[in-house]
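Coordinates in review
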Amino acid sequence: MANETTPAFKRLILKISGEAIAPPGGRGISMESVVSIAKQVQAASLCGTQIALVLGGGNILRGAQFMTQGAHIHEATAHYMGMLATVMNALAMQDALESVGCATRVMTAIRMDGVAEPYIRRRALHHLEKGRVIILAAGIGSPFVTTDTGAAQRALELEADILLKATKVDGVYSSDPVTDPEALFYPQLTYDEVLAKHLKIMDQGAVTKCMGYDLPIRVFNYRVEGNIEKAVRGENIGTLISNF
Ligand code: UDP
């Protein structure tokens with residue numbers, strides 16, 4: 001763990017699923033949940049690490065949910081709807097972050113002038129250097145992937161030191177710990193192990209991208225108060241996925 005003056009990481013991507021800002025057990029956006037996450041992000045940003053936040057959209061819509069037979073919607077259309085959901089979440093998060101004193105910018109991969117800035121890599125770096133938390137919306141702007149892949153992609157482009165994946169469980173398990181009491185917890189894994197064991201913590205594409213560039217991933221539980229700050233500070237919580 002780094003001391004107060006030297007952050008553990010210069011720059012990181014924090015991926016949070018849309019589910020984290022839904023009302024408990026429900027769908028949509030609960031501003032109470034958004035503010036709770038925003039407060040944690042604001043506290044974490046004080047250590048001086050540059051933070052780019054990637055919010056999912058699963059609390060509103062995932063493209064894959066329409067993929068039943070006779071759905072009358074093209075799969076690509078559904079994915080674009082999912083990307084728009086992430087923009088709504090990003091706007092809610094921006095106001096919540098600013099209400100707790102954190103300077104932010106929303107940058108979207110799908111142009112929406114009047115709503116948010118377009119994502120431009122060099123502009124994103126500029127905001128980060130200025131100490132603003134940036135919220136990256138609309139994933140990568142292309143269908144058929146999820147925001148996990150978007151987070152990995154942006155992590156590489158922005159030369160992040162780590163990808164932090166906030167989930168509702170304590171890290172990576174051999175099976176779903178919510179339904180399987182025998183599930184085995186892994187404090188550390190290699191990318192190969194994640195892929196070989198088909199551990200469903202992230203898209204395989206996202207893990208493969210990180211593996212190719214040796215970008216570590218830490219999976220941790222955002223529901224434990226203070227965990228976002230601990231992860232940003234480099235504390236050894238949850239599961240670390242790397243080449244060791
Ligand atoms: N999506 C997409 N391209 C992207 C990012 C997201 O098509 O680059 C769509 C995809 O349908 C996805 C949805 O947006 O399911 C919402 O994102 P995600 O499922 O990753 O949200 P989370 O589960 O993290 O809340």
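Above this text is the structure in question.
Residues numbered from 1 in each chain as written. Predicted model: local features only at pLDDT ≥ 70, side-chain atom pairs only at ≥ 80, totals over all residues. Heavy atoms only, no water.

**Examining the overall build of the protein**
This is how the line gets drawn: Counting from the N terminus, the helices are the DSSP runs of H or I reaching at least four residues and the strands are the DSSP runs of E reaching at least two. Atoms considered for the radius of gyration are the C-alpha atoms alone. The globule rule reads 2.2 Å times the number of residues to the power 0.38. Here, two residues are considered to be in contact whenever any of their heavy atoms come within 4.5 Å of each other. Per-residue and other accessible areas were derived by the Shrake-Rupley procedure at a 1.4 Å probe size, with only the shown protein chains allowed to occlude residues. The charge count includes Lys and Arg as positive and Asp and Glu as negative, but it does not include His or the ends of the chains. Charge placement uses NZ in Lys and CZ in Arg. For Asp and Glu, CG and CD serve respectively.
Each helix and strand in the protein was counted, giving 7 helices and 11 strands. For 244 residues, the compact-globule formula gives about 18 Å, and the C-alpha radius of gyration of the protein, at 17 Å, lands near that figure. Its C-alpha atoms put the protein at 55 × 45 × 35 Å along the principal axes. Here the analysis covers contacts within the protein between residues at least 6 apart in sequence; of these, 72% occur between residues at least 24 apart. Only carbon and sulfur atoms are counted for the fraction: they give 52% of the accessible area of the protein, which is about 11400 Å². For the protein, the separation between the mean place of its 23 positive charges and that of its 24 negative charges on side chains is 5 Å.

**Considering the pattern of salt bridges**
Spelled out, the test is: Here, a salt bridge means any side-chain nitrogen of Lys or Arg that lies within 4 Å of a carboxyl oxygen of Asp or Glu.
Enumeration according to the criterion identifies 11 salt bridges in this entry. Here Arg 105 and Glu 117 are joined by a salt bridge, their closest N and O atoms 3.6 Å apart. Within this pair, whereas Arg 105 is found in strand β3 (residues 104–108), its partner Glu 117 is found in strand β4 (residues 117–118), the two being separated by 12 residues in sequence. A cluster of three or more residues bridged by salt bridges with shared partners is formed by Lys 10, Arg 11 and Glu 129.

**Topic: the nonpolar core**
Note the cut-off: For this analysis, a nonpolar core means a set of buried residues of the types Ala, Val, Leu, Ile, Met, Phe, Trp, Tyr and Cys, connected via side-chain atoms within 4.5 Å. The rule is simple: take the accessible area with a 1.4 Å probe, protein chains only, and divide by the maximum for that residue type; under 20% is buried, over 50% is exposed, in between is partly exposed.
Within the largest apolar cluster, 40 residues are counted, with the highest numbers of intra-cluster contacts made by Leu 14, Ile 16, Ile 37, Met 93, Leu 97 and Ile 228. At the level of secondary structure, the elements contributing two or more residues to this core comprise β1 (11–16), α1 (31–45), β2 (50–55), α2 (75–99), β5 (133–137), β6 (162–167) and α7 (227–232). A total of 7 residues in this core trace back to one element, the largest contributor, which is α2. Not counting chain neighbours up to four residues away, the residues in contact with Ile 37 comprise Ile 16, Ala 20, Ile 21, Met 93, Tyr 222 and Ile 228. Membership of the second largest hydrophobic core comes to 32 residues, among which are Ile 13, Tyr 186, Leu 215 and Ile 241.

**What to know about the packing of helix α4 (residues 147–157) against helix α6 (residues 204–212)**
When two helices pack together, their arrangement is given by the angle between their axes and by how far apart the axes lie. Heads up, the condition is: An axis is simply a line fitted to the C-alpha atoms; with a helix, the fit covers only the stretch in contact. Between two such axes, the angle follows the N-to-C directions and lies from 0 to 180 degrees. Throughout, the term roughly parallel applies to angles under 35 degrees, roughly antiparallel to angles over 145, roughly perpendicular to angles from 65 to 115, and oblique to all others. If you view the pair so one helix is near and one far, a crossing is left-handed when the near helix is turned anticlockwise from the far one by less than a right angle, and right-handed when it is turned clockwise. As a working rule, the residues Ala, Val, Leu, Ile, Met, Phe, Trp, Tyr, Cys and Pro are called nonpolar, Asp, Glu, Lys and Arg charged, and the rest polar, with Gly in that last group.
Across the interface, α4 lies against α6 with an axial gap of 8 Å and an inter-helix angle of 15°. Taken together, α4 and α6 sit at an angle that is classed as roughly parallel. For the element pair α4 and α6, the recorded crossing hand is left-handed. Residue-level inspection shows Asp 148, Thr 149, Ala 152, Gln 153 and Leu 156 of α4 in contact with α6, the latter providing Gly 205, Ala 206, Lys 209 and Cys 210. Partitioning the contact of α4 with α6 into residue classes produces 4 nonpolar, 3 polar and 2 charged.

**Structural notes on the packing of aromatic side chains**
Each aromatic ring pair is specified by the distance between its two centres and by the angle formed by the two planes. Worth spelling out the cut-off: In summary, the pairing rule links any two rings of Phe, Tyr or Trp, Trp by its six-membered ring, whose centres are within 6.5 Å, and it sorts them by plane angle into stacked for under 30 degrees, edge-to-face for over 60 and tilted for everything else. Put simply, a charge is over a ring when the Lys NZ or the Arg CZ is close to the ring centre, within 6 Å, and near the line of the ring normal, within 35 degrees.
What the rule picks out here adds up to 1 aromatic pair. A cation over an aromatic ring shows up here: Arg 154 above the ring of Tyr 119, its NZ or CZ 3.8 Å from the ring centre.

**What to know about the layout of surface pockets**
Threshold: We place a 1 Å grid over just the protein atoms. Points where a 1.4 Å probe fits but has no way out form a cavity, open points with protein on both sides within 12 Å along at least 5 of 7 lines form a pocket, and any residue with an atom within 4 Å of a point lines it. Grid points are joined across faces, edges and corners, and a volume is the space filled by probe spheres set on the points.
Counted as a void, the largest pocket has a volume near 970 Å³. Looking at the largest pocket, it is lined by 46 residues, and the ones nearest its centre are Ser 17, Arg 62, Asp 148, Lys 165 and Ile 201. Every element with two or more residues in the lining of the largest pocket is listed here: α2, α4, β6 and β7 (172–173). When residues in the lining of the largest pocket are grouped by element, the largest group, 4 residues, is from α2. Here the lining of the largest pocket is built from residues that sort into 17 nonpolar, 19 polar and 10 charged. The computed volume of the second largest pocket comes to approximately 330 Å³. Taken together, 14 residues form the lining of the second largest pocket, with Glu 19, Ala 20, Ala 22, Tyr 222 and Arg 223 sitting closest to its centre. Here the lining of the second largest pocket is built from residues that sort into 6 nonpolar, 5 polar and 3 charged.

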